[in-house]
Amino acid sequence: MTDPSAIQPSELDQLPDRDPEETAEWQASLDAVTQAAGPHRAAYLMRRTLERAEGAGLALPKLLETDYVNTIPTSAEPSIDGDEEMERKITAWNRWNAAAMVTRGAKHGVGGHIATFASAAWLYETGFNHFFKGKESGEAAGSGDQLYIQGHASPGIYARAFLDGRLTEAQLDNFRRESGGDGLPSYPHPRRLPWLWEFPTVSMGLGPLSAIYQARFNRYLTNRGIKDVSASHVWAFLGDGEMDEPESTAALALAAREGLDNLTYVINCNLQRLDGPVRANFRVVQELEAQFRGAGWNVIKVLWGNAWDELFQLDTTGALVRRLREVPDAQFQTYATRDAAYIREHFFGSEPALVELGKLLSDDKISECFHLSRGGHEARKVYAAYRAALTHKGAPTVILAQTVKGFTLGKGFESKNANHQMKKLTVDEFKDMRDLLDLPIPDSAFVDGQVPYGHPGADSPEVRYLQERRAALGGPAPARRTQPLAPLPAAADKTFASFDKGSGSQNVATTMAFVRLVKDLVRDKETGRRWVPIVPDEARTFGMESLFPSLGIYSPKGQTYEPVDRDQLMYYKEAKDGQILNEGITEAGSMADFIAASTSYATHGEAMIPFYIFYSMFGWQRTADQMWQLGDQLGRGFLVGATAGRTTLTGEGLQHADGHSPVIAATNPAALTYDPAFAYEIAAIVKDGLRRMYGEALPGEDPNVFYYLTVYNEPMPQPAKPAGVDEGIIKGLYRFNTAESAGLSPAANAARIQLLGSGTAIHWTLAAQKMLAEEWGVAADVWSATSWTELRRDALEADEALLRGEERTPYIRTALEGAQGPVLAVSDYMRQVPDQIAQWVEQDYSSLGADGFGLSDTRDAARRHFGVDAESIVVAALAQLARRGEVPASAVKEARAKYGL
């Protein structure tokens with residue numbers, strides 16, 4: 001019996017026990033079984049009881065870990081709907097060609113990965129033959145399934161496309177050699193191979209995160225009535241080592257909370273990462289099982305192949321299962337490389353019951369089990385898991401499939417710590433592989449030591465079978481839609497023109513101007529419903545709370561409660577068909593939302609217009625990798641960095657003071673970065689962005705871009721739009737006024753300077769313009785630099801044209817042509833931002849900016865600290881003019897003293 005004094009306090013002690021005697025009887029029964037049959041039998045009975053309770057619908061928490069065995073017993077495995085032998089042959093050809101492609105490329109020094117696909121071949125092949133729906137699927141027409149392919153497995157996907165006739169030998173030989181125009185990218189890169197790849201995945205951790213939000217976005221499209229994609233399923237193929245990335249597991253709870261049963265993770269548990277074991281002294285499968293079960297996922301373990309069935313039947317004491325649970329991963333890796341004698345000693349020799357079990361097994365049987373028979377290498381086991389995943393409802397599924405890294409590649413590869421870095425097989429190793437896979441490739445095909453590609457013929461039974469299976473599932477996969485969609489109707493001009501008259505006497509922050517523009521655009525009868533507002537729990541900061549009741553916040557459950565502010569005009573309204581994605585405090589999740597929405601035009605044939613508004617400091621700095629993923633995936637939409645600038649967000653301090661997001665954005669070729677100063681500039685940029693991305697792009701314009709706009713929370717006067725500035729707004733620079741047009745009446749022979757300002761800095765620049773004229777007799781013209789980055793890119797293109805023998809003048813030089821005096825550029829960012837254009841400005845050039853760390857203070861004090869306020873601009877302008885001899889040198893010293901600098 002259990003010692004009552006040893007029983008620890010329990011939360012159950014807080015609940016009334018209406019029958020203590022019955023409770024004691026159950027406890028006594030457990031004690032008796034433990035004493036008579038042992039703790040393992042008692043644990044088995046308890047788990048059986050919990051299974052029965054769950055099956056009866058009793059509300060009990062699930063166990064987080066199960067034994068180290070398959071979730072689906074052999075007796076419950078369905079028969080495969082297909083020709084298993086034919087699929088074995090197809091998989092053999094794909095294994096061969098994947099290894100051949102990488103090995104042939106090795107002579108060029110371009111590298112490649114072989115071992116990952118070798119371990120995962122059946123995980124993919126089973127899906128391609130039986131489960132993955134194509135774009136032409138009758139069930140999921142126009143969308144199909146979404147496949148997130150593990151990046152290092154891409155050679156196997158190319159090999160299958162070659163067998164299918166979608167790729168040629170010449171293309172395989174150009175693996176990782178793309179500059180000639182007919183090559184294959186190293187990993188899934190839609191921008192490099194847009195007809196094949198849909199999702200870039202090799203930046204580890206982003207694929208898992210994106211897959212969850214893609215499945216969630218599919219539900220969003222369906223619930224909002226945009227398109228019914230309920231038949232689409234998202235499959236994410238991941239590595240067990242990849243699951244260490246924090247992004248890989250960041251949204252598991254979201255997927256479970258929203259019941260995303262349209263999502264399946266397939267984690268290839270080959271127990272190895274890039275340099276060695278994933279969990280050398282532990283068991284990654286058990287760890288992942290607990291993590292996913294705890295998050296609310298359905299977990300299916302596919303660990304052992306058919307050869308293990310006999311071992312489990314012989315295990316009448318449970319010793320085998322106990323031993324499997326205690327052996328660490330690194331030891332399993334070793335077992336895959338050692339002979340039967342070693343396994344007898346180190347695995348079966350651990351306790352007498354296992355010694356006796358080992359005596360019943362031949363050396364060949366032991367080798368078959370430990371070297372060959374892993375669940376992820378057997379089609380029947382994988383098929384059963386996939387079928388179970390699709391039939392499970394109410395929660396997403398993760399399949400933990402155990403494999404051997406480098407499987408079938410020979411003793412030099414299999415389970416070796418270095419196999420991720422091994423790029424080629426020798427001719428002898430290929431011949432051994434050929435014999436193992438039973439491929440009809442003669443020795444004579446190896447010419448001059450070159451391994452040949454293998455193909456059974458375009459009209460062979462293997463190719464016909466492959467193509468018939470894909471036709472039945474809706475066409476080739478993976479595949480990306482490349483035909484352009486019909487342009488979306490343009491919003492009415494009056495929507496944008498309403499900003500041209502300015503704000504009059506009212507001060508308006510550019511953040512508010514952008515939000516007002518969006519409010520008008522989402523009301524558009526033609527395209528309003530296609531806008532996808534995304535915000536990471538800061539809608540009220542950005543003045544977007546007025547959108548809550550009108551658009552609704554998306555929730556698959558609708559609103560099951562009465563909101564605390566229900567009696568207010570702008571109450572917190574959730575709805576199943578809500579339009580706003582209010583993601584909570586997760587910039588990574590919000591970016592994953594944006595990526596799914598911004599590529600819906602290709603994934604689902606439905607153009608959506610996402611805008612994601614965030615604290616500018618926490619966008620590019622935190623999630624720049626996802627913004628690169630967005631560019632690779634050819635996403636379209638508007639990223640909006642609000643509360644922008646180093647000095648504009650008062651009081652928040654160093655971590656909130658953004659002085660560099662345009663610098664990071666400038667490194668992304670797909671990002672068009674703008675720092676608008678005025679409301680009418682925002683309207684003009686958004687209007688042109690909608691035309692370029694969703695309407696009629698001009699010749700030579702790439703529509704597969706996204707816009708990054710910085711907007712500010714500082715209320716300022718919004719002037720009326722000058723005539724003829726639209727081109728300059730889009731290209732990045734226009735003259736806002738001259739000293740004369742500003743009514744300052746400088747002397748005819750006054751020294752003159754050109755002041756370039758962007759964003760909120762234009763207001764300090766305008767103040768400096770007035771001070772220079774009234775206090776120092778200097779005439780200053782003020783220019784609005786809406787995009788330093790676009791000016792630079794245009795200039796770079798002009799330089800490239802010169803190398804081709806074409807004469808082309810950069811726009812920045814044309815715009816400033818004839819402008820008198822030096823140029824002084826000012827922004828609320830580090831000087832590196834305006835300095836992007838310095839080399840193309842013919843006039844003397846200097847800049848001011850907010851370099852260094854941010855700090856908490858008033859706006860005026862912060863600007864004085866960084867030397868970007870109006871007084872600092874005046875002193876810098878006088879210094880430039882003094883160097884040219886156009887004002888006395890004493891004026892600079894006098895100005896410093898006057899302004900306390």
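What you are looking at is a predicted structure, and each value in this text was computed from that prediction instead of being measured.

Enquirer: Just checking my understanding: could you explain the overall build of the protein chain for this structure?
Expert: Tallying secondary structure elements over the protein chain gives 34 helices and 20 strands in all. Burial statistics for the protein chain: of 901 residues in total, 57% are counted as buried. In the protein chain, 77% of the contacts between residues at least 6 apart in sequence involve partners at least 24 apart. Here the protein chain has roughly 36900 Å² of accessible surface; of this, 50% comes from carbon and sulfur atoms.

Enquirer: When you look at the environment of Gln 333 in this model, what are you seeing that I'm missing?
Expert: Residue placement: Gln 333 occurs in helix 13 (residues 329–335). Under the relative-accessibility criterion, Gln 333 is labelled buried at 8%. Along the primary structure Gln 333 and Phe 514 are separated by 181 residues, whereas in three dimensions their C-alpha atoms are 57 Å apart.

Enquirer: Would you explain the side chain of Gln 272 in this entry?
Expert: Here Gln 272 lies in the loop between strand 3 (263–269) and helix 10 (284–295). A polar atom in the side chain of Gln 272 sits 2.8 Å from the backbone oxygen of Lys 416. Among all residues touching Gln 272, those that are not within four sequence positions of it are Asp 240, Pro 277, Val 278, Gln 333, Lys 405, Ser 415, Lys 416, Asn 417 and Asn 419.

Enquirer: How should I be thinking about the pairing of strand 18 (residues 779–784) in this particular structure?
Expert: Looking along a regular strand, one sees the side chains alternate between the two faces of the sheet. Along strand 18, 6 of the 6 residues are buried, which leaves the element largely enclosed by surrounding structure. Of the two faces of strand 18, the one holding Ala 779, Asp 781 and Trp 783 and the one holding Ala 780, Val 782 and Ser 784 are both buried throughout. With 3 bridges connecting them, strand 16 (residues 734–737) and strand 18 associate as antiparallel partners. The residue of strand 18 that forms the bridge with Asn 737 is Val 782. Regarding topology, helix 29 (residues 761–776) serves as the crossover connection from strand 17 (residues 752–757) to the parallel strand 18, and that connection is right-handed.

Enquirer: For this particular structure, what's the right way to read the sheet that holds strand 19 (residues 823–826)?
Expert: Sheet strands pair via backbone hydrogen bonds, and the direction of the pair is either parallel or antiparallel. The 5 strands lie next to each other as 16-18-17-19-20, forming an open sheet whose pairing is mixed. Two strands in the sheet have a free side with no partner beyond their single neighbour: strand 16 and strand 20 (845–848). The sheet shows a mean angle of 30° between the axes of neighbouring strands, taken without regard to direction. Bridge count for strand 17 against strand 18 is 6 bridges, and the pairing is parallel. Across the sheet, the residue bridging to Leu 755 is Val 782, located in strand 18. In the packing of helix 29 onto the sheet, contacts are made with strand 16, strand 17, strand 18 and strand 19, and the angle to strand 18 comes to roughly 165°.

Enquirer: I would appreciate a short explanation of the packing of aromatic side chains in the present structure.
Expert: Each aromatic ring pair is specified by the distance between its two centres and by the angle formed by the two planes. A full pass over the atoms with the stated rule returns 48 aromatic pairs. Measuring from centroid to centroid gives 6.0 Å for Tyr 158 and Phe 175, while their planes differ by 65°, and the two rings are edge-to-face. You can see Tyr 158 sitting in helix 5 (residues 154–163) and its partner Phe 175 sitting in the loop between helix 6 (169–173) and helix 7 (206–223), a full 17 residues away along the chain. Considered together, Tyr 158 and Phe 175 belong to a single accessibility category, that of buried residues. Judged by centre distance (5.3 Å) and plane angle (75°), the rings of Tyr 220 and Tyr 554 are edge-to-face.

Enquirer: I'm lost on the nonpolar core in this one. Help?
Expert: Grouped burial of nonpolar side chains is what soluble globular proteins tend to show. In terms of nonpolar packing, the biggest core is built from 68 residues, with Trp 96, Tyr 124, Tyr 158, Tyr 386, Ile 399 and Phe 430 touching the most fellow members. For Tyr 158, the residues in contact, after removing those within four places along its chain, are Met 101, Leu 167, Leu 172, Phe 175, Leu 184, Pro 185, Tyr 187, Leu 193, Leu 196 and Trp 197. Among the nonpolar cores identified, the runner-up in size contains 60 residues, and Ala 513, Leu 517, Tyr 601 and Tyr 694 belong to it.

Enquirer: What am I meant to see in the pattern of salt bridges here?
Expert: Where charged atoms of side chains with opposite charge meet at close range, the side chains can pair. One pass over the full model with this rule turns up 52 salt bridges. Across the pair Glu 258 and Arg 216 runs a salt bridge, and its minimum N-O distance is 3.3 Å. Of the two residues, Glu 258 sits in the loop between helix 9 (252–257) and strand 3 while Arg 216 sits in helix 7, which places them 42 residues apart along the sequence. As far as burial versus exposure is concerned, Glu 258 and Arg 216 are alike and both buried. For Arg 273, the salt bridge is made with Asp 244, and the minimal N-O distance between the two is 3.4 Å. Here Arg 273 is found in the loop between strand 3 and helix 10, whereas its partner Asp 244 is found in the loop between strand 2 (234–239) and helix 8 (246–249), with 29 residues between them in sequence. Bridged by salt links that share partners, the residues Arg 47, Glu 65, Asp 67 and Arg 325 form one connected network.

Enquirer: Where do I start with the side chain of Thr 126 in this structure?
Expert: With respect to the helices, strands and loops of the structure, Thr 126 is situated in helix 4 (residues 115–130). In this structure Thr 126 comes out as buried when scored by relative accessible area, which is 1%. Not counting chain neighbours up to four residues away, the residues in contact with Thr 126 comprise Phe 131, Ala 379, Val 382, Tyr 383 and Tyr 386.

Enquirer: How should I be thinking about the sheet that holds strand 3 in this particular structure?
Expert: Sheet architecture is open: 5 strands sit in the order 1-2-3-5-4, paired in parallel fashion. Looking at the sheet topology across the chains shown, the edges are occupied by strand 1 (146–148) and strand 4 (298–302). The sheet shows a mean angle of 15° between the axes of neighbouring strands, taken without regard to direction. In terms of strand pairing, strand 1 meets strand 2 through 3 bridges, oriented parallel. The partner of Tyr 148 across the bridge, within strand 2, is Ala 236. Across the sheet, helix 4 touches strand 1, strand 2, strand 3 and strand 5 (397–402), and the angle it forms with strand 3 is around 150°.

Enquirer: Would you explain helix 2 (residues 39–55) in this entry?
Expert: Note that an α-helix has 3.6 residues per turn; residues three or four places apart therefore point the same way. The end-to-end C-alpha distance of helix 2, which contains 17 residues, comes to 24 Å, matching closely the 24 Å that a straight helix rising 1.5 Å per residue would cover. Where helix 2 ends, the next residue or the one after it, Gly 57, has phi of about 85°, a positive value.

Enquirer: Got a minute to help me understand a negative patch on the surface in this structure?
Expert: A grouping of Asp 17, Asp 19, Glu 21, Glu 22 and Glu 25 is seen on the molecular surface, where their side chains present a negatively charged patch. Within the secondary structure layout, Glu 22 lies in helix 1 (residues 20–37).

Enquirer: What should I look at first to understand the packing of helix 29 against helix 33 (residues 870–883) in this one?
Expert: Angle between the axes and distance between the axes: these two values describe a pair of packed helices. Look at helix 29 against helix 33: their axes get within 8 Å of each other, and the N-to-C directions meet at 55°. It follows from the interaxial angle that helix 29 and helix 33 lie oblique. Like other packed secondary-structure pairs, helix 29 and helix 33 cross with a definite hand, here right-handed. Mapping the contact onto sequence places Trp 764, Thr 765, Ala 767, Ala 768, Met 771, Leu 772 and Trp 776 in helix 29 and Ala 870, Glu 871, Ile 873, Val 874, Ala 877 and Leu 878 in helix 33. For the contact of helix 29 with helix 33, the class distribution of residues is 11 nonpolar, 1 polar and 1 charged.

What counts, and where the lines are drawn
- Residues numbered from 1 in each chain as written.
- Predicted model: local features only at pLDDT ≥ 70, side-chain atom pairs only at ≥ 80, totals over all residues.
- Heavy atoms only, no water.
- Helix = DSSP H or I, 4+ residues; strand = E, 2+ residues; numbered from the N terminus.
- Buried < 20%, exposed > 50% of the residue type's maximum accessible area, 1.4 Å probe, protein only.
- Contact = heavy atoms within 4.5 Å.
- Areas by Shrake-Rupley, 256 points an atom, 1.4 Å probe, with all protein chains shown as cover.
- Polar contact = N/O pair within 3.5 Å; in protein donor to acceptor, adjacent residues only side chain to side chain.
- Pairing = 2+ DSSP bridges.
- Right-handed = clockwise from strand over helix to strand, strands pointing away.
- Axes fitted to C-alpha atoms, helices over the stretch in contact; angles between N-to-C directions.
- Phe/Tyr/Trp six-rings, centres within 6.5 Å; stacked < 30°, edge-to-face > 60°.
- Core = buried A, V, L, I, M, F, W, Y, C linked by side-chain atoms within 4.5 Å.
- Salt bridge = Lys/Arg side-chain N within 4 Å of Asp/Glu carboxyl O.
- Expected span 1.5 Å × (residues − 1).
- Patch = residues over 30% accessible without salt bridge, like charges linked within 9 Å, V, L, I, M, F, W, Y side chains within 5 Å.
- Lys, Arg positive; Asp, Glu negative; His and termini not counted.
- Charge placed at Lys NZ, Arg CZ, Asp CG, Glu CD.
- Parallel < 35°, antiparallel > 145°, perpendicular 65-115°, else oblique.
- Left-handed = near helix turned anticlockwise from the far one by under 90°.
- Nonpolar A, V, L, I, M, F, W, Y, C, P; charged D, E, K, R; others polar.

Everything listed here is a matter of geometry and, on its own, says nothing about what the molecule does.
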